[in-house]
Amino acid sequence: MREQTAQTEDRGRRKVRTGVVVSDAMDKTVLVRIDRKVTHPRYDKTVRRSSKLAAHDEQNDAHVGDTVRVMETKPISKSKRWRVVEIVERAK
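This report concerns the structure included in the present document. Keep in mind it's a predicted model, so treat the numbers as computed, not measured.

### Digging into the overall build of the chain
- Across its full length, the chain holds one helix and five strands.
- Each helix (α) and strand (β) of the chain, taken in turn from the N terminus, gives the series α-β-β-β-β-β.
- Intrachain contacts of the chain at a sequence separation of at least 6 include 49% that bridge at least 24 residues.
- In the form shown here, the chain has an accessible surface area of approximately 7200 Å², with 46% of it arising from carbon and sulfur atoms.

What follows is the structure, encoded as structure tokens:
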């Protein structure tokens, strides 16, 4: 009983990020840019950092400029470890 509870708790702790689609050229895959602000350790200035994640988009629904929410998942390919959960806002 205890082991089963531990498994469900681990499954519930998947990372969720929100970012902007920067490329939708691939089939069922989008590149999502995740922006964050970090304080520089020495100069105390706020610096913008970003990273790009390859996310699985089953319906090819997301397009460049859309704001999407992605969730961590099992490895789908060499570079894909995230999947698109929802499209928060469409590009204008």
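Still more ground to cover, so stick around.
### Here we look at the pairing of strand S2 (residues 29–39)
- Pairing of strand S1 (residues 16–23) with S2, which is carried by three bridges, proceeds in the antiparallel orientation. Bridge pairing links Val20 to Arg33 in S2.
- In sequence, S1 turns back onto S2 through a hairpin of five residues, with Lys28 there showing a positive phi of about 60°.
- Looking at chain direction, S2 and strand S3 (residues 46–56) are connected through eleven bridges and run antiparallel. Bridge assignment links Asp35 to a residue of S3, and that residue is Ser50.

### Brief notes about the sheet that holds S3
- Reading around the circumference, S1-S2-S3-S5-S4 is the order of the five strands in this closed barrel, with mixed pairing throughout. Averaged over all pairs of adjacent strands, the angle between strand axes in this sheet comes to 50°, irrespective of strand direction.
- Of the strand pairs in this sheet, strand S4 (residues 67–72) and strand S5 (residues 80–89) are connected by six bridges, and their pairing is antiparallel. Note that in S5 the partner of Val70 across the bridge is Val84.

Rules behind the numbers
Residues numbered from 1 in each chain as written. Predicted model: local features only at pLDDT ≥ 70, side-chain atom pairs only at ≥ 80, totals over all residues. Heavy atoms only, no water. Helix = DSSP H or I, 4+ residues; strand = E, 2+ residues; numbered from the N terminus. Contact = heavy atoms within 4.5 Å. Areas by Shrake-Rupley, 256 points an atom, 1.4 Å probe, with all protein chains shown as cover. Pairing = 2+ DSSP bridges. Axes fitted to C-alpha atoms, helices over the stretch in contact; angles between N-to-C directions.

By themselves these figures say nothing about function.
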